Each structure stands twice: as structure tokens, then as C-alpha cells.
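Here's the letter readout for the chains.
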Amino acid sequence: MSAVPEQIVVNTMPFALRPLRPGDVVQAAEVERDAFSTLFPPTAFRRELGKRNASYLVAEQLASSGAPEEPRRRGLFGSLLSGVRSGSSGVGDCGRIAGFIGIWYMVDEAHVVSVGVRTSDRGRGIGELLLIGALERAMSRTAAVMTLEVRESNWVAINLYRKYGFEQRGVRKAYYADNREDALIMTTEPILRPEYREFFVNLEREHATRWGAAERDLG
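Throughout what follows, the structure given in this document is the object of discussion. (Residues numbered from 1 in each chain as written. Predicted model: local features only at pLDDT ≥ 70, side-chain atom pairs only at ≥ 80, totals over all residues. Heavy atoms only, no water.)

With that settled, the discussion passes to the pairing of strand β8 (residues 145–151). Counting buried positions over the seven residues of β8 gives six, a clear majority of the element. As judged from the four bridges shared by strand β7 (residues 109–117) and β8, these two strands associate in the parallel manner. Across the sheet, histidine 111 pairs through a bridge with threonine 147, a residue of β8. Of the crossover connections in this fold, the one passing from β7 over helix α4 (residues 126–140) to the parallel β8 is right-handed. In the sheet, β8 pairs with strand β10 (residues 183–187) via five bridges, with the strands oriented antiparallel. The residue of β10 that forms the bridge with glutamate 149 is isoleucine 185. (Buried < 20%, exposed > 50% of the residue type's maximum accessible area, 1.4 Å probe, protein only. Helix = DSSP H or I, 4+ residues; strand = E, 2+ residues; numbered from the N terminus. Pairing = 2+ DSSP bridges. Right-handed = clockwise from strand over helix to strand, strands pointing away.)

Let us now look at the pattern of salt bridges. All told, the structure shown has 14 salt bridges when counted by the stated rule. In this structure, arginine 18 engages glutamate 60 in a salt bridge whose closest nitrogen and oxygen atoms are separated by 2.7 Å. Here glutamate 60 lies in strand β3 (residues 54–61) and arginine 18 lies in strand β2 (residues 15–19), a separation of 42 residues in the sequence. Accessibility assignment for this pair places arginine 18 and glutamate 60 in one class, buried. Between glutamate 30 and arginine 118 there is a salt bridge, with its nearest N and O atoms 3.7 Å apart. Of this pair, glutamate 30 sits in helix α1 (residues 25–35) while arginine 118 sits in the loop between β7 and α4, placing them 88 residues apart in sequence. Overall, glutamate 30 belongs to the partly exposed group, its relative accessible area being 32%. For arginine 118, a relative accessible area of 13% gives the class buried. Each of Arg18, Asp24 and Glu60 takes part in salt bridges that share partners, so that together they form one network. (Salt bridge = Lys/Arg side-chain N within 4 Å of Asp/Glu carboxyl O.)

All right, on to the packing of aromatic side chains then. For the structure shown, the criterion picks out seven aromatic pairs. Each ring, one from phenylalanine 45 and one from phenylalanine 100, has its centre 5.1 Å from the other, and the planes form 85 degrees; the classification is edge-to-face. Taken together, the residues span a long stretch of sequence, with phenylalanine 45 in helix α2 (residues 45–49) and phenylalanine 100 in strand β6 (residues 97–106) at a distance of 55 residues. The exposure class assigned to phenylalanine 45 is buried, which follows from its relative accessible area of 2%. Here the aromatic rings of tyrosine 175 and tyrosine 176 are separated by 5.1 Å at their centres, their planes lie at 90 degrees, and the arrangement is edge-to-face. For tyrosine 176, a relative accessible area of 17% translates into the label buried. One aromatic cluster in this structure is built from Tyr164, Tyr196, Phe199 and Phe200. When the ring centre of tyrosine 105 is taken as reference, the NZ or CZ atom of arginine 141 above it lies at 3.8 Å. (Phe/Tyr/Trp six-rings, centres within 6.5 Å; stacked < 30°, edge-to-face > 60°. Lys NZ or Arg CZ within 6 Å of the ring centre and 35° of its normal.)

All right, on to unusual backbone geometry then. Cis geometry is adopted by the peptide bond preceding proline 41, which originates at phenylalanine 40 and carries an omega value of -5 degrees. Note that proline 41 resides in the loop between α1 and α2. Its identity is not glycine, yet alanine 174 carries a phi of approximately 50 degrees, on the positive side. Tracing the backbone through its elements, the reader meets alanine 174 in the loop between β9 (167–172) and β10. Residue classification places alanine 174 among the partly exposed residues on the basis of a relative accessible area of 22%. In this structure, arginine 180 takes a positive phi of about 60 degrees despite not being glycine. Its place among the elements puts arginine 180 in the loop between β9 and β10. Here arginine 180 falls in the exposed class, since its relative accessible area comes to 57%.

Written out as C-alpha cells, the structure is:
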């Protein structure tokens, strides 16, 4: 009897990643107010949708996520690849939005301008999923590096960014208007290098193993 190749059980993450749509604007603003109650001025999401140098991704809760998901049996790497699709993804039309990430593209740099996750959905791997999608989107647009600002007190976010190879490159003094807190400027190494891509794929695998494979339509 021939041996059957060992299969890895991979659960499905109850959130999918897709581009922001006009119908998501109200919810995206709700997420932003929930995540950043003191932010001013708020993001003009509808205007952002019209910019050629900007892209926004949202984490949408799957309609079936209220019930336990049956695990899908397949190779782990195959699960990751099958989740990244172009065009229609089968993700519901303007369902419940749990989080968003915004990226601006400037010359050869992808700059994360905003990341927000509803407080009720934190601790579920959504922020990391959004960062994974942003990095994949930046790679597809051949950005050389990704950069961002983060509050110096936000150690949860700082540790996540460090996990993905961001390093502190500077400080913007009194950057945040609400409390004059400094912002750390963090930048990756070149993300198109084979060494970074291999590093990134390994982190994708770790995320899928812990939280489940996520359907991703990056537009």
C-alpha cells in the first residue's frame, strides 16, 4: 500500500481581505472613530478612493463566521496561494468591516498612512492580516520599501512592525495633534529582494497556522 502524503489541517480565518469600496465608506469611518477617537481631521475615505496613488484594503467578516468553520485539509502553502486572487473573490458585498489599512505610493516607496481595527475585533490577527495585504500590494506595485509612522507609546504596533522587518529610521517630534506625542518613523529593508520575500512568506505561513488561511483579493 502506497503511503498517503501527510496533509496539514488549516482552518479558515473568519475575515477576508479586499479593496475598499464606495459602499464601505461609512463603516470605514466608524472603524476609524472607534480606533482613534481623538483623530482630527478624519480620513476622507471617499476622496481617497479617487486617488491613483492610494489604495485601501479592508478586513471583512465572512457571512458564515457566526458558526464554527469546518477545517479545510490541504497543504499549508497551497492554502496561502489559493487565497490570493485577482478580480472577484467571492467576498460578500459590503459586509461588516472589522479593519482597514491605507497605503500611498510615492516614487518607489509605499507609505502606510492609516491602520484601524475595531476594538471589539482586536487580538484576532486582523491587524497583521492587513499588514500582510499591504506588503503584498506594495510588492505587486514594485515599491522598493514600505514606511510608516507610529506612536512611540504603541508597543503592540511597534512589535508587529518589527516582526515584519521595519526598523526605526527617525522621529517626528510632536507629530500627533491630540497629545503632541512623538512618532517613530519605521522603514523596511528592500521588500523585493529574494531574502525579504522568503522571510515574508514564512511569516504568512505562521499567521495562517495561528489564525487560519484568509481569502485575499488585493485588487
